[in-house]
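Residues per chain are reported as follows:
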Amino acid sequence: MSGTPVSKSVSASLTRTPAWRALVAHHRSWNERRLRDLFAADPQRFERFSLEAGGLLLDYSKNLITAETRDLLVQLALERGLPDRVAALLSGKRVNQTEKRAAWHTALRAGDAAPREVRRTLAAMRTFADALRAGQVKGLTGQAIRDVVSLGIGGSALGPALVVRACASDTASPRAHFVSTPGEPLTRLLATLDPTTTLFIVQSKSFSTMETARNARAAKAWLLAGLPSADAGAHFAAVTANVEAAGAFGIAPERLFPMWDWVGGRYSVWSAVGLPAMIAMGPAAFDELLAGAALMDRHFAEAPPERNMPMLMGLIGLWHHNFCGGASRAVISYEPGLALLPPYLQQLEMESLGKSVTQKGKALRTGSGTVVWGNLGIEAQHAYMQALHQGTQLVPVDFIAACSARNGGDADTQSVILASCFAQSALLMQGVSEDDIKQQLTANGMDAKEAARLAPHQALPGNRPSNTLLLPSLTPHSLGALLALYEHRTFVKAAILDVNAFDQYGVEHGKKLAGSLLPELNGKAPTETHDASTSALIRHVLKNNGRTP
Ligand code: F6P
């Protein structure tokens, strides 16, 4: 899939643009302005700083912004040519300038307008998923497949695993399993499975990732040990762009589902990488996932920046990171089905924005991507919310929740979950002053001196920003819209910073060096060829394991 390169990158350096300079001055003038005062001064603040799109509600009123902030951020977006860059992305232009490729993941959910190979692959996926779900796919001994094990890592695993956890029934048949780390995780799973009824899907765009290759070989050995013949082909399928390597491994052509170089791994859940999810949730539900993403795509393409959810989230993220000093960002979900969202967003955002040069190879003069982390909110309240409330670091938060529980869950329990979510974001914003504490403590009978002693310890500084994203309920459609929202949010920041969101050279070196250390750790090569630390560590391992270097 080739397109014409995006003809012009932005000309002026980011920090010399009028909007950036105005934002610097605006931040300097922020002074002691406090969010609780902004809310007190404007009863319409929620209406002014919230919007709905793709079925989602974004409340961004609890961020450290005013209307002037938003206007300046929008001006920055326009000065950086954001609308043109979005149009280039969505039309399949070669926006990935280092690898000279398009990043056309939106084409994967374009329905009838999708490229022919996308529609053909989706059809093949549907046929295979329907057959598996109907028990019509048999193993070598004629038994129906009951377990599907996806062997992949990074973008070849995180997306489908998230979608299965969020959308598939626990009683789905066949059961879906995901293994990324070689060794113990795979052996533990295989001990619970039957080789005659297990299918492995090797998910790897390159078909050369060391961890996945190792898992695939271990899976084949396990099958051959448990099957009556040496032909394990009936128990394998593959999702890859490397057809030759998959064939050499023994994947039958009719079990091979293609990926394309114009889809980045971390943007690929909508492609054949989503096959394990389609098998677990069913093709109709997978189509809903695609439809939700497509709805967010249309919003991203059509809404003006000041009413554009991905643009506003990306711009506010840049404001908090590059001006307010928020070096990390927490994504805290109060919907248990989104338990795997943080690791998915870690790869999506940190592998896309974790760069230090612009598209032209010039050193970035400001921060690029933040560290993204988080987990389920109810558990966060008993783990790290203390630091977010009373710590010294500014950590902007994305709170995500669903208005109603899935599958008609218990409304009272959902109210407990939502009350917790809303309480956390409200307290981060408004804080609790020392005067408030003293008043509360003395009203409860504590003497004023003791109350004054405790007040500094119990006060919450507040003025800590957060977004709240509300889904109607967690469904394939709302999940699709949510994931597309974060894909586009990521692109917005990359476009403003003029970094390439779609390559990942930083991880390639690690893959290569790890490969070179293997023979030394196996005692088959000298260990003196590295820095003193690495060589000493290898020697320590060899000694501990009774192996001679
Ligand atoms: O982390 C590096 C990376 O290349 C990711 O971008 C990718 O999703 C993952 O490794 C797996 O790569 P592959 O699908 O080629 O096995």
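The structure displayed is predicted, hence computed values, not measured ones. (Residues numbered from 1 in each chain as written. Predicted model: local features only at pLDDT ≥ 70, side-chain atom pairs only at ≥ 80, totals over all residues. Heavy atoms only, no water.)

Chemist: Tell me about the side chain of Glu349, and please be specific about residues and values.
Modeler: With respect to the element layout, Glu349 can be found in helix H14 (residues 341–353). Glu349 sits in the buried class, given a relative accessible area of 3%. If near-sequence neighbours (up to four positions away) are discounted, Glu349 is found in contact with Arg329, Gly354, Val372, Tyr486, Arg489 and Thr490. (Helix = DSSP H or I, 4+ residues; strand = E, 2+ residues; numbered from the N terminus. Buried < 20%, exposed > 50% of the residue type's maximum accessible area, 1.4 Å probe, protein only. Contact = heavy atoms within 4.5 Å.)

Chemist: I'd love a proper account of the sheet that holds strand E2 (residues 56–59), names of residues and values included.
Modeler: Backbone hydrogen bonds are what pair the strands of a sheet, in a parallel or an antiparallel way. Strands sit in the order E1-E2-E11-E10-E8-E9 across an open sheet of 6 strands; the sheet is mixed. Only two strands of the sheet have a single partner each, and these edge strands are strand E1 (50–53) and strand E9 (371–373). Ignoring strand direction, the axes of neighbouring strands in this sheet form an average angle of 15°. Relative to E9, strand E8 (residues 328–333) runs parallel, the two sharing 3 bridges. Across the sheet, residue Ser328 finds its bridge partner in E9, namely Val371. Helix H17 (residues 411–430) contacts strand E10 (397–402) and strand E11 (466–471) of the sheet and is inclined by roughly 160° relative to E10. Contacting E2, E8, E10 and E11, helix H20 (residues 476–497) runs over the sheet at an angle of about 150° to E11. (Pairing = 2+ DSSP bridges. Axes fitted to C-alpha atoms, helices over the stretch in contact; angles between N-to-C directions.)

Chemist: Requested: an account of the site of the ligand, with residues and values cited.
Modeler: What surrounds the ligand is a group of 14 residues, the closest being Gly155, Ser156, Ser204, Ser206 and Thr209. Between Lys511 and the ligand, the recorded distance is 3.2 Å, taken from a side-chain N or O atom to an oxygen atom. Protein chains bury 88% of the 390 Å² of accessible surface belonging to the ligand in isolation. For the shell around the ligand, the elements supplying multiple residues, two or more each, are H14 and helix H21 (505–521). Tallied by class, the residues present in the shell around the ligand amount to 2 nonpolar, 9 polar and 3 charged. (Near = heavy atom within 4 Å. Polar contact = N/O pair within 3.5 Å; in protein donor to acceptor, adjacent residues only side chain to side chain. Areas by Shrake-Rupley, 256 points an atom, 1.4 Å probe, with all protein chains shown as cover. Nonpolar A, V, L, I, M, F, W, Y, C, P; charged D, E, K, R; others polar.)

Don't take any of this as a statement about function, it's just geometry.
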